[in-house]
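# Inside the fold
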Amino acid sequence: MKITAASKYDRKTVTALARVNAFKKHNPKKRMILSTVLISFIVVISIYLLLFYDDHFAYMFLFLTAILLLMECYIYLLFPKIQYRSLGKFAETCHTFCFTDDALSVTSSAGEYNGTCSIAYSMLYQLMETSEYLFIFQTKRQVYIVDKSTVRGGTIDELRAKLTSTPGLRYIMCNY
């Protein structure tokens, strides 16, 4: 059986990859809202301590919570943009995937650059799945992103079953 799919590494796709790497199984938007609410609560307590008790510990606490809030904003908002810009001339790369019984073939094209490779399923490291994408990791840092809406010649369930039957492949379902 031969299942095909495609993907384009646009800003939306790269943002999804950056957030799945940063937040793993957790929904990034919900996680960001929860973190912001908790950090805001801590800031309010710190300000209360500063106003009514002039506690020196509150200054440090306020500073640390501000740093945490900035880090969360960086991870959620800025890091995906930085990742996309780092692609340079390979941004908007189009990939076509062909899943056969024992290997994955990938054809890539980015303007004047084209390439094809074939990877045995046993060489894959990890599979992460969201509602829109499959992230197929060849190593911890090398990933192919499959847009689930482009799967042809089979269903996403058949593709998932084919990939997860590989011994040693880690599978993580992200519930968003």
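This structure is a prediction, so every number in the text was calculated from the model and none was measured.

### Here we look at the overall build of the chain
Check the secondary structure of the chain and you find four helices and eight strands. Taken from N to C terminus, the helices and strands of the chain fall in the order β-α-α-α-β-β-β-β-β-β-α-β. Over its C-alpha atoms the chain spans a radius of gyration of 21 Å, topping by over 25% the 16 Å that the globule rule assigns to 176 residues. For the chain, the spread of C-alpha atoms along the three principal axes comes to 70 × 35 × 25 Å. In the chain, which comprises 176 residues, the proportion classed as buried is 34%. In the chain, the proportion of contacts linking residues at least 24 apart, taken out of those at least 6 apart, comes to 60%. For the chain, the computed accessible surface area is about 10,600 Å², with 63% contributed by carbon and sulfur atoms.

### Side note on the layout of surface pockets
Within this model, the largest pocket holds a volume of roughly 660 Å³. Secondary-structure elements contributing two or more residues to the lining of the largest pocket are helix H1 (11-23), helix H3 (56-86), strand E3 (103-110), strand E4 (113-120), strand E7 (143-147) and strand E8 (170-173). A per-element tally of the lining of the largest pocket places H1 first, with four residues. Tallied by class, residues from the lining of the largest pocket come to 14 nonpolar, nine polar and four charged. Forming the walls of the second largest pocket are 13 residues, and the residues nearest its centre are Ala16, Arg19, Pro28, Glu132 and Tyr176. For the lining of the second largest pocket, the secondary-structure elements that each account for two or more residues are H1 and helix H2 (28-53). Take the lining of the second largest pocket: its biggest share by element is four residues, from H1.

### Comments concerning the nonpolar core
Membership of the largest hydrophobic core comes to 29 residues, with the highest contact counts inside it found for Phe97, Phe99, Phe135, Ile136 and Leu163. Elements supplying a minimum of two residues to this core: strand E1 (3-8), H1, strand E2 (94-99), E3, strand E5 (126-129), strand E6 (133-137), E7 and helix H4 (156-164). Among all residues touching isoleucine 136, those that are not within four sequence positions of it are Phe99, Leu104, Leu124, Gln126, Leu127, Gln142, Val143, Tyr144, Val146 and Leu163.

The rules behind each value
Residues numbered from 1 in each chain as written. Predicted model: local features only at pLDDT ≥ 70, side-chain atom pairs only at ≥ 80, totals over all residues. Heavy atoms only, no water. Helix = DSSP H or I, 4+ residues; strand = E, 2+ residues; numbered from the N terminus. Rg over C-alpha atoms; globule rule 2.2 N^0.38 Å. Buried < 20%, exposed > 50% of the residue type's maximum accessible area, 1.4 Å probe, protein only. Contact = heavy atoms within 4.5 Å. Areas by Shrake-Rupley, 256 points an atom, 1.4 Å probe, with all protein chains shown as cover. 1 Å grid on protein atoms, 1.4 Å probe; cavity = no way out; pocket = protein on both sides within 12 Å on 5 of 7 lines; lining within 4 Å. Points joined across faces, edges and corners; volume = space filled by probe spheres on them. Nonpolar A, V, L, I, M, F, W, Y, C, P; charged D, E, K, R; others polar. Core = buried A, V, L, I, M, F, W, Y, C linked by side-chain atoms within 4.5 Å.

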